[in-house]
Every structure is written in structure tokens, then in C-alpha cells.
Amino acid sequence: MGRPMLPEARTLVCPFPSTAFCELRDVSVVVRTTESGDFLPSIASAARRQSLNVEAVWMHSSDSVSDLTLSLGEDGPPVVIETTRLGPVAEVLTRLDELRTARVNILVSPAIRENCVAVQILASLGVNAAIGLHSGPVDWDACTDLAYYAFYSRTRKAAIEPFTFMAKNYRRKCVDIGEPFLDSPRRYLHLSPEGKVALTPAHLSRGGFLSETVGSISESTPTGEDVGDASHSLAHLLEFDGCSVCQGWRLCGGRFAGERAG
Ligand code: SF4
């Protein structure tokens, strides 16, 4: 397959292993996998063979952080580990040297209060961590405490996403907090295992595809602004529901309006 004409600054998010991954050449990708960390060297060597620029490997793991298997090697792409829980802190402490590299980021769900505390513990120990604040449900009290720690605490700490991203990009006209979580149609396109292309993870999971193959993507492929429900914003401007005059609009864009209405 020839080099696809990707719209500017788009990265493909591709499952591994999959037919779609084997057919990619000469593009930037984020690799999603449910394989264990032992697979990282296989991903790196496949990417070299296919001339892929791997921006990150996104591991979905059912293991706690204390039980993770990782083969990071000398140099390789950043690794985001989406996991359910931290596990015993005493055991996590024994793995700090491995986890403290700039290339590892631990991502947990914001629905559980303990996860927000876990993220604070990891960041204070120098491990990059993230709370998946791009879609509900969210424990807002716990997340608010974490946001105060991320923005205002003067203690040394590692990055806490999405707050570090928000602080760095606040001067932008619009900050899409889905971007650190691959949920931003302006930055990412998502591939099914067969190679069909979707605009967001939600479109991918409900089978709403933009095109049947990567090869048929072009500069005219719709952007987030063209597809109202993907941009999380157009509907709130067309029909007044309070979002468009909310102080948090530039960061939220109405992402949590459904949760509020519910
Ligand atoms: S959902 Fe709407 S009202 Fe709620 S924080 Fe987001 S923009 Fe504001």
C-alpha cells in the first residue's frame, strides 16, 4: 500500500496485532494493544520494518500497576498503560526506577475516588500519571482535589494529565481535553482491526466509519468541526442549554452535558 494522504497533523490509532497494522507504511501511529508489556519489542521491530513513526504504545491492561510486565528496552516510544488500579503501594515502590522514565504514563479511570488518590501518589513519586477525564462517569469531588494538586501544589511532581496538557495549552483558542486520550478528531483517526477508518473512539465502537480503507483518506476527509457530534460542541451552540455561556466552555466544549442532564 502506498503512503496515504493523511489530512495535516493527523495520527492513525491502530490496534496491534491486526491486519490493519500489517498494511500500514510510512505514517505516524499510536498503537493500541491488549497484549502484555512483553510485546513492546515486537511492536518496535514491526514498526521499523514498515517505516512507521510510533508516537506512543497504548496498552490496555487488566493487571494492577504492581503486577505489570514491561520490556521497555533502551529506547522506544512512550508507553501509556491504561489499567484498572494501582495495586499495593509497597509493591509499586519496588518498581519506581522502571516506572519513573519519561516514557511511561499510567492512566486510570476517574470514576473511582481511590484512583484520583493513586494518581497523586504516582505523580508525587515522579511517575507520569493520568486520569481519563474525557468521558464520564467521573467522581467530581476527587477529581477537583486532584486538579488543585496538579495546578497549585508547589511540590516537585511528574505530569498529571489532562491537567498538565490544559496548563500548557491554555492560551489556545480552544483546548480539547480529549487530546491526551486520543479522543480528538482534529488530531487522530481510528482504525478497526480490518482497516476501516473512524473519526473518534465512539464512532469506532458503534461502527460509524469515514472510509473503508486508509488509502481512501484524503485532505478532504471531514474534520471534527465538520462532524457536529464528534466536536462535542456544535449542538450546544445551535440550541441554548447553558454550555455556551459556561466559564468552562473552552476546556469542556459540552463534553459532560449528557452527564449533567442525566
Ligand atoms: S458540560 Fe456544559 S455546563 Fe458543564 S462544564 Fe461543560 S460546558 Fe460547562
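See the structure printed just above.
Note that the structure is predicted; figures quoted are calculated from it, not measured.

J.: Got a minute to help me understand the sheet that holds strand β6 (residues 128-131) in this structure?
T.: Either a parallel or an antiparallel arrangement is found when strands of a sheet pair, and the pairing is made through backbone hydrogen bonds. Spatially, 10 strands are ordered β7-β6-β5-β4-β3-β2-β1-β8-β9-β10 in an open sheet, and the strand pairing comes out mixed. Every interior strand has two partners, whereas the edge strands, β7 (160-161) and β10 (209-211), have only one. The strands touched by helix α5 (residues 113-124) are β5 (104-108), β6 and β7; relative to β6, the strand with the most contacts, the crossing angle is about 160°.

J.: What's the story with the site of the ligand in this structure? I'm lost.
T.: Close to the ligand lie 10 residues, the nearest being C243, C246, G248, C252 and F256. Of all the elements in the fold, those that place two or more residues in the shell around the ligand are α10 (249-252) and α11 (257-261). For the shell around the ligand, the per-class residue count stands at 6 nonpolar, 3 polar and 1 charged.

J.: Explain unusual backbone geometry here, please?
T.: Apart from glycine, the bulk of residues carry a negative phi angle, and the bulk of peptide bonds sit in the trans form. Cis geometry marks the peptide bond from F16 to P17, where omega comes out at -5°. Mapped onto the elements, P17 comes out in the loop between β1 (11-15) and α1 (19-23). The omega torsion of the bond from E161 to P162 falls at 10°, within 30 degrees of zero and hence cis. Turning to its location among the elements, P162 is positioned in the loop between β7 and α7 (163-169). A positive phi angle is found at D26, which is not glycine, with a value near 55°.

J.: In this structure, what is going on with the packing of α5 against helix α6 (residues 140-152)? I would like to understand it.
T.: To describe two helices that pack against each other, one gives the angle between their axes and the distance between the axes. In contact at an axis separation of 9 Å, α5 and α6 are set at 15° when each is read in the N-to-C sense. On the basis of the axis angle, α5 is roughly parallel to α6. As α5 runs across α6, the sense of the crossing is left-handed. On the side of α5, the interface is formed by R113, C116, V119 and Q120, while α6 contributes A142, C143, D145, L146 and Y149. Here the contact of α5 with α6 is composed, by residue class, of 6 nonpolar, 1 polar and 2 charged.

J.: Where do I start with the environment of R172 in this structure?
T.: For R172, the location among the structural elements is in the loop between α7 and β8 (188-191). Judged by local crowding, R172 falls into the exposed class, with 10 C-beta atoms found within 10 Å.

J.: Can you help me understand the pairing of β1 in this one?
T.: Remark: a regular strand shows side chains that alternate across the two faces of the sheet. Bridge count for β1 against β8 is 3 bridges, and the pairing is parallel. Across the sheet, the residue bridging to L12 is L189, located in β8. Pairing geometry for β1 and strand β2 (residues 28-33), over 4 bridges, is parallel. Note that in β2 the partner of L12 across the bridge is V29.

Procedures and definitions
Residues numbered from 1 in each chain as written. Predicted model: local features only at pLDDT ≥ 70, side-chain atom pairs only at ≥ 80, totals over all residues. Pairing = 2+ DSSP bridges. Helix = DSSP H or I, 4+ residues; strand = E, 2+ residues; numbered from the N terminus. Contact = placed C-beta atoms within 7 Å. Axes fitted to C-alpha atoms, helices over the stretch in contact; angles between N-to-C directions. Near = placed C-beta within 6 Å. Nonpolar A, V, L, I, M, F, W, Y, C, P; charged D, E, K, R; others polar. Parallel < 35°, antiparallel > 145°, perpendicular 65-115°, else oblique. Left-handed = near helix turned anticlockwise from the far one by under 90°. Buried ≥ 20, exposed ≤ 12 C-beta atoms within 10 Å, placed from the backbone.

Take it as geometry only, folks, not as evidence of what the structure does.
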